[in-house]
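# A look at the structure
The primary structure of each chain is shown beneath.
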Amino acid sequence: MAAEAPPPSAEQHELPTPEEFTEVQESAEFGELRRSYRSFAFPLTVGFIVWYLLYVLLSNYAGGFMGARLFGNINVAFVFGVLQFVTTFLIAWWYSRHAATHLDPKAEAIKTRMEGGA
């Protein structure tokens, strides 16, 4: 059963003009939002790509190291592979927390102002 969408609002909001969008884009508030996003997302992305490429390169060129048994049938390659999944989920969780506390409030303030609610 599909969920019903709420009825459209009786209020009609005037859409912002291109000049208003440009003004907001050039504002210090928007610049801070963009800077906050980039200072978090870019280093984490680069770090994860380096971590992933290290795993791939070690798998291709350091077979002896990656094949070293740690305990039982568990070797270094298996542990690194599992850690790829763990770091992916940790980064997603960390970004979600960062966005909720640092990005979303700033974005909501900008959105509210653009929609004429502030």
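In case you missed it, the structure is sitting above this.
Residues numbered from 1 in each chain as written. Predicted model: local features only at pLDDT ≥ 70, side-chain atom pairs only at ≥ 80, totals over all residues. Heavy atoms only, no water.

## Notes on the packing of aromatic side chains
Cut-off, in case you're wondering: Centres within 6.5 Å are what make two rings of Phe, Tyr or Trp a pair, Trp counting through its six-membered ring; a difference in plane orientation under 30 degrees is then read as stacked, over 60 as edge-to-face, and the rest as tilted. A run of H or I in DSSP counts as a helix once it spans at least four residues, and a run of E counts as a strand once it spans at least two, with each numbered from the N terminus. The buried label goes to any residue with under 20% of its type's maximum accessible area, the exposed label to any with over 50%, and the partly exposed label to all in between, with areas taken from a 1.4 Å probe on protein chains only.
With the rule as written, the count across this model stands at 5 aromatic pairs. For the ring pair Tyr-37 and Tyr-95, a centre distance of 6.4 Å and an interplane angle of 85° mean the geometry is edge-to-face. Of the two residues, Tyr-37 sits in helix H2 (residues 28-61) while Tyr-95 sits in helix H4 (residues 76-114), which places them 58 residues apart along the sequence. Relative accessible area serves as the criterion here: at 33%, Tyr-95 is assigned to the partly exposed category.

## Some remarks on the side chain of Ser-36
To keep it simple, the criterion reads: By the convention used here, residues are in contact when the closest approach between their heavy atoms is within 4.5 Å.
As for its placement among the helices and strands, Ser-36 is situated in helix H2. Residue Ser-36 is classed as buried on the basis of its relative accessible area of 8%. Apart from the residues lying within four places of it in its own chain, the contact partners of Ser-36 are His-98, His-102, Leu-103 and Lys-106.

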